[in-house]
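Descriptive analysis of the structure
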Amino acid sequence: MYWKKNYRHFDRSPGESGRSGEIYSKTDFSTRLRLARNDILNFYYRVNVIMKIVHVRRISQVFFFSVFLWFCIVSTVGDKFWQLRGWPINLFLWLDPLSAVGTALTTHTLYRPLLWALAVIILTIIFGRFFCGWVCPFGALHQFAGFLGNRKKLPPQKIQLNRYRKAQSIKYFILILFIAMAAFPSIAATLQTGLLDPIPLVTRSFNLLLVPLADRAFGLTSATARFYEGAWFVLAIFLAAILLNLIIPRFYCRFICPLGALFGVIGRFAIWRIGKKQSECVDCKLCEKSCEGGCEPAGNIKISECVLCFNCLDDCRHRLIGYQTRPSLAGETTNPDISRRGFVLSLASGIIAAPAVRLSNKMGSNWYDGVIRPPGALAEEEFLKRCIKCGQCMRVCPTNVIQPGGIEGGLENLWTPVLNNRIGSSGCQLNCTACGQVCPTSAVRPITLSEKLGTDNFAQVGPIRIGTAFLDQGRCLPWAMDKPCIVCEENCPVSPKAIYTQECFNTVRNGILTVKKIAENLIETVEETLTAGRFATGDYYCAIEGNQRFKIVANTENSIEISPGGQLEKIPAAGGRIQLQVRLQRPYIDIERCIGCGVCEHECPVSGKKAIRVCAAGETRSTDHRLLLKR
Amino acid sequence: MTDRNDKKIERRQFLSRAAKVGISIAAAGVISARLYDSRGPKAAVDAGAPVTLPDFSVPHKDGQTICIVKGSDRKATVTKAIESLGGMERFVTKGDIVAIKPNVAFASSPLLGATTHPELVAEVVRLAYKAGAKQVIVTDNPINDPASCFTLTGIGRAAGDAGAKVILPRPDLFRHTTLAGGRLIVNWPIFYGPFAKADKLIGIAPLKHHHRSGASMTMKNWYGLLGGRRNVFHQDINTIIAELAIMVKPTLVILDGTEVMVTNGPTGGSVSDLKRADTLIASTDCIAADSFGCTLLGLKPSDLPYLAKAQNAGVGTTDYQLLKPIFAAVG
Amino acid sequence: MDSASSRSKRLESAISIFLLAILFLIGFAIFIKQFDFDMSRFGIGAAAPLLSLQGSETGIGAKLSFDSLVPSGFKKLSAAEIYVPENLYEKIDGKATLYIESGFVKLFTQRFVSESDDTLWFEVFLFDMALARNAFSVYSVQKRADAETYPAMQFAYSTSNALYFVQDRFYVELVGSAESADLFGAMAQVADKLTGRLAVGKVTEIPELTLFPQENIVAGSAKLYLSDVFGFDGFRDTFVCRYKAGEEFVTAFLSKRPNSQEARNLADSYYKFLIENGGKAKPTSGETLKPVEGKVLDFYGVTEIIFAIGPYIAGVHEAKNQQSAEKLAAQLIDKLSSAAPTTKND
């Protein structure tokens, strides 16, 4: 930005009447009008080259990246300014046409918020791949990384780095693959665009990796640490994508990004495009020094690769490059460079891939019941048609129980939301419906609390079950270890509780003792093997012949004191036997009430593999997985 | 020359591109509009296929549509009323399953007149069995807790003693229905189970003042068939009552005006809210029954908008005089 | 620099600035959007700081204890129930509107049954109406015709099977299943215990009731209508009292408005309302109405009088006899003038 010395000077004199200093007060209206107009024009022409388009582009990238970062930070449920409030945290995901096109192909509907994508599509049709160069936060990141990595290089090297490469057509094959998987096999239609679509990818990377790291470091959004399984894999991909920019700038954008490929296809008729204003030039190729898209503006420009960075326009010393309606005078190619063979191959692969993956029968009887989906999730086939693996539900879940899935539920399960009750603060909170509220494609529906709990209008239908708790009687303390425990029953949040207990008394190890002497409430034993105080917790009883059982209030190594008021009807003679028993409340699960929230699993004191575990059997979203006849 | 040619070619190219742009945008717009889904996916809940309530009505007989009996003993008046309309045999064929829908909405004592009197229910059950019914079902979907309602109103015991089967509402007895041409009853759960197997339907309602709708009589009695959060319909109470009258085609309705609740309806609360009118109305036309009944509250049919709405839909008439009502008295 | 290039540079700047403006607008729009939110979508936990928690207490299973209220010879018949405005209809159906429009907050109910005779049971309805005035309003407008004043409390009446009273901001109904002296005795016990617990020593303060002249008043006829009084939309918060005038009854009404200007405006609009609906102005025969610019109307055969004194609007309604109406009006003016001495200019 600089001021030009020469500028046009519009007449500011009032004419016959008055001096220039008193222009406005002493002259008549029409003169005042003329003078005001001249003032504005003077200002306009004085403000000569204050703004270059590349500056605006950089500002735009910084702006959208900051907005994106801010959305990642505020995605915590709450009403403070730095929390969720009404921030439109899904804006980028909705603007992303690949999600819109993908879900339109798999579900044959365009979910309302995805209308934003239509706006982006229309603007791309008119202007070209502006999204890549101006809006995409992942692209901005790549561009910045590429800039950092290559700025010390000399122009000839840079020009080499930014040349067009045939491999840039790979992203089109990736796009065709995804489209085929979504469109053609109508039974096995699956939306896998989320794997490589940059907006879900960068959202995932920030929300499941960078933000939790920031939380651990300085409590950015959460005072307690948040955990995400498989974050290492997210890191690997993210880091790889960023570091590849050191080899070739905007590596991801040029070679991999299916969204860029989609824009390339849509934007090929753009009204305005980058191009040379004259066919002959010095051929210095400085325009390609900073070309972000690798589109070769110096020669036959590949319009579908151009990301509208305008660096060429800025770099050309002779101002021969413009953004104009007529094609570049050095020639242009609008269509992506994909061979028919490549097209057919990727199409066929896509058509085969989805049903091939489904051969594992994970959608049928071989389903993996460890995949517990959030409440409000659609049935699995419908779910996989909508989930773009963005990780918003995981980010917003207040108890941190929603985790990115792995491939144990099938390949399609990768990065989809799966509940892991061992992580986080408490299983799926009863009165919370946050996950469905933030899902951008309604793979997890925005349910109301009454639908979740089965009240009001949904009283006939009942609550949403995401699974059922199953007791592992071999690990459960009262079942297998003779240790009293009812933590699961205490924490069960539904009313009436889905866990109930039945009382039973078991003789403890080495618990058969011989009576030496009985005096009132004190029974002395021959054996002196008891641990003092061990049986005084209130859970232990002394069973005496004749069905008498009394609570033990104290014990020493060789005596037991039973609670006062216990009437010993039949006093055992010296030499008689008594039994030390523990009172156990053994938990049972009422599967008609259990909603699979997982609080019991979270609270179970048996560490590691919990003695009560939730699995997805009994989930109401799927008719096949029901445990009960009636819902 | 070449310059101008170039310019022409350029312009043509530009126009063709502009056309492609226009078509693409239009295509994108059209596809979006076709696929547009403002509400998002629904849970694939097994709500069962939607149902339609069967038509329980019997053929019309001129001059035997509505009967008004005066008398203080419900058993006597209802017997007389049904006799005058052709006897229970006209309505109940041998081997029929008869469903009786009384007003059991509140867990109120029968003294308060907010619910159907148990004596009346018992008598109708007996008459049905006498006419040869195979089974009589007494059922309702109350507002308060169903078990306490059937107990405290005395209807549960009275029905049971007369040999009827009482069916309390359960989630699996509700199914979705849509009234053809209805605006409110669209994909709404109704209490369907007990009526699905029935051959005949008899409604028995007390005559009450109602704070919201003006009066609660035989048409309002069908509100008990609605499930879900049916309270929302109170905002458009006249339309819902009219739609209920269109949806439900009963065999016979009985309107009990022996003790009319004249104030503080629909729950009343004090015996002083009741006024003795010693009138009982039996009719095959709900609208006619209600039109006569409202006069006992000091109202005219024109005071109750839902009557006109239902009449306009063709399910009955407010001008009960046209139906040649039978007037009788007992004791 | 030739002018073509500087022109294109200017164009570039203009477009640049335009795009910057769009970015700014986008930022602004996002900023505005974040004000529009409803935390209750995210569940009760999220909404709790903003809204008061009502959901968890509704329906059967609430922990309210009526235990200490059980009368002798009776026991609890069912669990106590609590209802809030959202689900009040589940208990009293159509009547819910009346309560909700009168400031209803919560309803507690409990049934008690006689241990010896299970057909003798009664239900206690305890309505929390937020203000004593609201409680008095729902109490008075539902008063039954055969009400007998129940002397034990300030505002209470009984019918053959029920007992109704107001205690501070609570309106209580005790409804019996039969007309039985025993049952009534038990209900009276509960009522007694309740008054002790609800507002110890407090007298329910309704100041406007003292403003009505006491001569010839029909005892216990005071009613408070909170809205749509006499069918006129602007009329709210109005007290109405019946008086005996010879063989006939006359009704007086009064309402306290925020200031005299509003009282005067309301008097004028009500007067206009009556005229528009067929009322005819009549000249006043006495001198008493002149200082307050009182208006007398004949409305289809009955006399209506309206006037405003200070912040009060008052008058006489549906009087068959103009003289008795004016007499009552005079008494009312007297009382109100002494109540609001510096009337004219506040």
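The model shown is predicted, which means the values in this text are computed figures rather than measured ones.

Residues and elements named next belong to chain A. Over its 14 residues, helix H8 (residues 137-150) runs 20 Å from end to end, which matches the ideal 20 Å to within 8%, given 1.5 Å per residue. Within H8, ten of the 14 residues are buried, which leaves the element mostly enclosed by the surrounding structure. Within H8 the residues assigned to the buried category are Pro137, Phe138, Gly139, Ala140, Leu141, His142, Gln143, Ala145, Gly146 and Asn150.

Phe71, Phe92, Phe131, Trp134, Phe138, Ile274 and Phe310 of chain A are the most contacted members of the largest nonpolar core, which totals 83 residues. The leading source of residues in this core is helix H3 (residues 53-74) of chain A, at nine residues. By size, the runner-up hydrophobic cluster in this structure holds 58 residues, among which are Val51, Met217, Trp222 and Phe292 of chain B.

This paragraph deals with the environment of Leu322 of chain B. All names here are of chain B. Examined against the element boundaries, Leu322 turns out to sit in the loop between helix H10 (305-312) and strand E12 (326-329). A relative accessible area of 62% means that Leu322 is categorised as exposed. C-alpha of Leu322 to C-alpha of Gly63: the two residues are 259 residues apart in sequence and 9.2 Å apart in space.

Counting residues at the interface gives 38 residues for chain A, matched by 29 residues for chain C. Regarding the contact of chain A and chain C, the summed buried area is about 3000 Å², with carbon and sulfur atoms giving 69% of it. The largest per-residue losses of area from chain A upon contact with chain C belong to Met51, Arg85 and Gln437 of chain A, which jointly make up 17% of the total buried on that side. Our enumeration of links across chain A and chain C arrives at seven residue pairs in polar contact (both at pLDDT 80 or more). With eight residues, H3 of chain A is the largest single contributor of residues to the side of chain A that touches chain C. Looking at the side of chain A that touches chain C, its residues break down into 25 nonpolar, seven polar and six charged.

A few words now on a nonpolar patch on the surface. Taken together, the side chains of Phe81 and Trp82 of chain A together with Phe24, Phe28, Phe31, Ile32 and Phe35 of chain C define a hydrophobic patch exposed on the protein surface, amounting to about 760 Å² of accessible area. Within the secondary structure, Phe31 of chain C is located in helix H1 (residues 3-33). A relative accessible area of 33% places Phe31 of chain C in the partly exposed class.

Attention shifts here to the sheet that holds strand E15 (residues 302-309) of chain C. Residues and elements named next belong to chain C. The strand order across the open sheet formed by seven strands is E10-E11-E12-E16-E15-E14-E13, and the pairing between neighbours is antiparallel. The outermost strands of the open sheet, each flanked by one partner alone, are strand E10 (223-225) and strand E13 (280-282). Looking at each pair of strands side by side, their axes are set apart by 25 degrees on average, direction ignored. By the bridge criterion, three bridges tie E13 to strand E14 (residues 295-299) in an arrangement that is antiparallel. Pairing of Lys280 across the sheet is with Asp298, part of E14. Lying over the sheet, helix H7 (residues 260-276) contacts strand E12 (248-256), E13, E14, E15 and strand E16 (312-319), oriented at roughly 160 degrees with respect to E15.

Residues and elements named next belong to chain A. Sheet architecture is closed into a barrel: six strands sit in the order E9-E10-E13-E12-E11-E14, paired in antiparallel fashion. Direction aside, neighbouring strands of the sheet carry axes that sit 45 degrees apart on average. Relative to strand E13 (residues 559-562), strand E12 (residues 548-555) is paired through three bridges, and the arrangement is antiparallel. Following the sheet pairing, Ile552 is matched in E13 by Ile562.

As a further point, take the pairing of E15 of chain C. All names here are of chain C. E15 sits mainly inside the fold: eight of its eight residues count as buried. A two-sided burial pattern is seen for E15, the buried positions comprising Val302, Glu304, Ile306 and Ala308 on one face and Thr303, Ile305, Phe307 and Ile309 on the other. The sheet contact formed by E14 and E15 spans five bridges and is antiparallel. The residue of E15 that forms the bridge with Asp298 is Thr303. The hairpin turn running from E14 into E15, its antiparallel successor, is two residues long, and Tyr300 in that turn takes a positive phi close to 50 degrees. The pairing of E15 with E16 spans six bridges and is classified as antiparallel. Note on E16: the bridge partner recorded for Ile306 is Gly315.

Turning to the state of the cysteines, a few remarks are in order. Any covalent bond linking the sulfur atoms of two cysteines counts as a disulfide. Residue and element names in this part refer to chain A. On inspection of all chains with the given rule, the structure shows zero disulfides over all chains. Sulfur of Cys136: no disulfide; nearest cysteine sulfur belongs to Cys257 and is 6.3 Å away. According to the relative accessible area criterion, Cys136 is buried, its value standing at 7%. The cysteine Cys291 is free of any disulfide, with Cys295 supplying the nearest cysteine sulfur at 3.5 Å. By relative accessible area, which is 3% here, Cys291 ends up buried.

The subject of this paragraph is the confidence of the model for chain A. All names here are of chain A. On average, residues of chain A score 89 in pLDDT, and 93% of them are at 70 or above. Contacts of residues 1-7 to residues separated by more than four positions or lying in other chains number twelve contacts, the stretch itself having pLDDT below 50. Residue range residues 16-24 is modelled with pLDDT below 50. Its contacts to residues more than four positions away, or to other chains, number ten contacts.

Contacts between the two partners involve 31 residues from chain B and, on the opposite side, 32 residues from chain A. Counting each side, the surface lost to burial between chain B and chain A is near 2700 Å², with a carbon and sulfur contribution of 67%. On the chain B side of the interface with chain A, the three residues burying the most area are Arg17, Leu35 and Pro41 of chain B, jointly 23% of the side's total. Residue Glu10 of chain B is joined to Arg326 of chain A by a salt bridge in which the shortest nitrogen-to-oxygen separation is 3.6 Å. One can count six residue pairs in polar contact (both at pLDDT 80 or more) joining chain B with chain A.

Basis of the calculations
- Residues numbered from 1 in each chain as written.
- Chains lettered and ligands numbered in written order.
- Predicted model: local features only at pLDDT ≥ 70, side-chain atom pairs only at ≥ 80, totals over all residues.
- Heavy atoms only, no water.
- Helix = DSSP H or I, 4+ residues; strand = E, 2+ residues; numbered from the N terminus.
- Expected span 1.5 Å × (residues − 1).
- Buried < 20%, exposed > 50% of the residue type's maximum accessible area, 1.4 Å probe, protein only.
- Core = buried A, V, L, I, M, F, W, Y, C linked by side-chain atoms within 4.5 Å.
- Contact = heavy atoms within 4.5 Å.
- Buried area = accessible area lost by both parts, 1.4 Å probe.
- Polar contact = N/O pair within 3.5 Å; in protein donor to acceptor, adjacent residues only side chain to side chain.
- Nonpolar A, V, L, I, M, F, W, Y, C, P; charged D, E, K, R; others polar.
- Patch = residues over 30% accessible without salt bridge, like charges linked within 9 Å, V, L, I, M, F, W, Y side chains within 5 Å.
- Areas by Shrake-Rupley, 256 points an atom, 1.4 Å probe, with all protein chains shown as cover.
- Salt bridge = Lys/Arg side-chain N within 4 Å of Asp/Glu carboxyl O.
- Pairing = 2+ DSSP bridges.
- Axes fitted to C-alpha atoms, helices over the stretch in contact; angles between N-to-C directions.
- Disulfide = S-S within 2.5 Å.
- pLDDT = per-residue confidence, 0-100.

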